[in-house]
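Tertiary structure, described
This is what each chain is made of:
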Amino acid sequence: MSESPSTADPPVQETSVETAGETARAVIDNVEQVIVGHHDAIEHLVCAFLGRGHVLLEDVPGVGKTMLARSVARSFECEFKRVQFTPDLLPTDITGVNIYNQQSGEFEFRPGPIFANVVLGDEINRAPPKTQSALLEAMEEEQVTVDGESYPVPSPFTVVATQNSVERDRTYELPAAELDRFMVQLSLGYPGAAEEADLLGQVVGDHPIEALEPVATTDDLFAARRTTATVTVEKPLREYVTRLARYTREHAQLGVSPRGAISLLRAAQARAVLDGRDYVVPDDVQAEAQVVLAHRIRRSAGEGTGTELVAEALDAVPVE
């Protein structure tokens, strides 16, 4: 008999927009005690957490991708688990496996690291597509299926995956269907000279992550997510997002999917909460458009990048 992990939703309701916004800003301030010089990326990441989305961090090694994920998870006092993706990693190493118990004469389910509030998939593109796909069901349906039986993952649930942007000959490209399940894709880049000097001053002794204390609970995150989902998005703004998505489809081999348009609205709702509003304005959509849409776009050689196309769409599509 299989034993399902305990994954019941927290018994909390949505809070006020003001309280949710204060929680988000407190987390951002807390993370900046560890991550120096990446305020915008931290804001986008927290918006993804509020908008019930998943995050892909792509950059060169050593710029703080893993530390950023750990810092946000610790700030929310979330259960955090890390999976190091390698070429020999198996899907069951992520989801868990049924093991035969000789004493009881039954199979017991041993949950894998996917059963956490925040799951860090480190260097996800080092594992083959079959192993990467072990995340897809959990990211979309918040459950995993092992040997025909489904198990819900904890709630709230967020996957933060890092991707190595160098050594392409030793990595696997993420398929479009997998990329589409990430609400945002972020790149940190190198810090400025002054910021890097500050960073070096912080880490010459104990790393600041070790002293980082939570500023919110998992229940606070769950309540903030519920509140974010209630933020008003009027019909003209929904139509604006639709026009942006259609523009990308008309000017690329693969444009933004309906899932991408939904993700943009959810990210815009979170941006509104961050600013203390219970309604979305066009600036919220435009602030999140690049990080939500660009990685979903595929263009032919010589046509430019997804980032360039999103910029074109923002210039060409009117707000009506």
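Scroll up for the structure.
For every chain, the first residue of its written sequence is number 1, and the numbers climb from 1 along that sequence. A pLDDT threshold of at least 70 governs which residues receive local features in this predicted model, and a stricter bar of 80 or more applies before side-chain atom pairs are shown or counted, although totals over entire chains, interfaces and linings include all residues. Processing note: side-chain calculations cover all non-hydrogen atoms of the structure and skip hydrogens and water entirely.

**So, the pairing of strand β6 (residues 143-146)**
Successive side chains on a regular strand alternate, one facing one side of the sheet and the next facing the other. For each residue, the accessible area found with a 1.4 Å probe, counting protein chains only, is set against the maximum for its type, and the residue is called buried under 20%, exposed over 50%, and partly exposed in between. Helix and strand assignments follow DSSP, with helices taken as H or I runs no shorter than four residues and strands as E runs no shorter than two, numbered in order from the N terminus. With burial as the criterion, only one face of β6 is covered, namely that bearing V144 and V146; the residues Q143 and T145 on the opposite face remain uncovered. With four bridges joining them, β6 and strand β7 (residues 149-152) adopt antiparallel strand pairing. Note that in β7 the partner of T145 across the bridge is S150. Two successive antiparallel strands, β6 and β7, enclose a turn made up of two residues, where D147 displays a positive phi of approximately 55°. Strand pairing follows a simple DSSP-based rule, namely that at least 2 bridges must link the two strands.

**With respect to the packing of helix α12 (residues 282-293) against helix α13 (residues 306-316)**
The angle between two axes is taken between their N-to-C directions and runs from 0 to 180 degrees, where each axis is a line fitted to C-alpha atoms and a helix contributes only its stretch in contact. Remark: α12 packs on α13, axes separated minimally by 9 Å, with the N-to-C direction vectors making an angle of 150°. Comparing the axis directions of α12 and α13 gives the class roughly antiparallel. Taken as a pair, α12 and α13 cross one another with a handedness that is right-handed. Contacts between α12 and α13 involve Q286, A289, Q290 and L293 from the first element and T307, V310, A311 and L314 from the second. Under the convention adopted here, Pro, Cys and the residues Ala, Val, Leu, Ile, Met, Phe, Trp and Tyr are nonpolar, Asp, Glu, Lys and Arg are charged, and Gly plus all remaining residues are polar. Per-class residue counts for the contact of α12 with α13 are five nonpolar, three polar and no charged. Roughly parallel here means an angle under 35 degrees, roughly antiparallel means over 145, roughly perpendicular means 65 to 115, and every remaining angle is called oblique. The handedness criterion is simple: a crossing whose near helix is rotated anticlockwise from the far helix by less than a right angle is left-handed, and one whose near helix is rotated clockwise is right-handed. We call two residues in contact whenever any of their non-hydrogen atoms come within 4.5 Å of each other.

**Re unusual backbone geometry**
Going from S155 to P156, the amide bond is cis rather than trans, its omega being 0°. Tracing the backbone through its elements, the reader meets P156 in the loop between β7 and β8 (158-164). Of note in the backbone geometry, D147 takes a positive phi value of approximately 55° without being a glycine. As for its placement among the helices and strands, D147 is situated in the loop between β6 and β7. The class of D147 is exposed, set by a relative accessible area of 67%.

**Comments concerning the pattern of salt bridges**
Salt bridges are defined by distance alone: a side-chain nitrogen of Lys or Arg within 4 Å of a carboxyl oxygen of Asp or Glu. By the definition in use, this model includes 14 salt bridges. A salt bridge links E79 to K81; the shortest N-O distance between them is 3.8 Å. Given the relative accessible area of 38%, E79 is considered partly exposed. A residue is classified by how much of its surface remains accessible, and K81, at 29% relative accessible area, is partly exposed.

**Concerning the packing of helix α1 (residues 17-31) against helix α2 (residues 39-50)**
In contact at an axis separation of 10 Å, α1 and α2 are set at 140° when each is read in the N-to-C sense. Of the possible angle classes, the one that applies to α1 and α2 is oblique. As for the relative orientation of α1 and α2, their crossing is right-handed in sense. Between α1, through A24, V27, I28 and V31, and α2, the contact on the second element is made entirely by H39, I42, E43, V46 and L50. Classifying every residue of the contact of α1 with α2 by side-chain character gives seven nonpolar, one polar and one charged.

**Looking at the sheet that holds strand β1 (residues 55-59)**
Strand order in the open sheet formed by five strands is β2-β5-β8-β1-β9, with parallel pairing between adjacent strands. At either end of the open sheet lies a strand with only one pairing partner, and these are β2 (80-84) and β9 (184-186). Averaged over all pairs of adjacent strands, the angle between their axes in this sheet comes to 20°, without regard to strand direction. Pairing analysis gives four bridges linking strand β5 (residues 118-122) to β8, with the strands arranged parallel. By the bridge assignment for β8, L120 is matched with V160.

**Describing the nonpolar core**
Only buried residues count toward a nonpolar core. Its members are Ala, Val, Leu, Ile, Met, Phe, Trp, Tyr and Cys residues joined through side-chain atoms within 4.5 Å. The biggest cluster of nonpolar side chains holds 67 residues, and the ones touching the most others in it are L68 and V285. Among the elements that take part in this core, helix α11 (residues 258-274) stands out by supplying nine residues, more than any other. Ranked by size, the runner-up nonpolar core spans 26 residues in total, among them L89, I114, A161 and L174.

**Examining the packing of aromatic side chains**
For Phe, Tyr and Trp, rings pair up if their centres lie within 6.5 Å, where Trp contributes its six-membered ring, and each pair is then called stacked (planes under 30 degrees apart), edge-to-face (over 60) or tilted (otherwise). On inspection of all chains with the given rule, the structure shows four aromatic pairs. On the numbers, 6.0 Å between centres and 10° between planes, the contact of F49 with F76 is stacked. Here F49 is found in helix α2, whereas its partner F76 is found in the loop between α3 (65-75) and β2, with 27 residues between them in sequence. Of the two residues examined, F49 and F76, each falls in the buried class. Their ring planes at 5° and their centres at 4.0 Å tell us that F109 and Y151 sit as a pair that is stacked. On the criterion of sequence distance, the pair formed by F109 in strand β4 (residues 106-111) and Y151 in strand β7 is long-range, its members being 42 residues apart. You can call Y151 buried: its relative accessible area is 0%. An aromatic cluster is present here, built from F109, F115 and Y151 joined pairwise through their rings.

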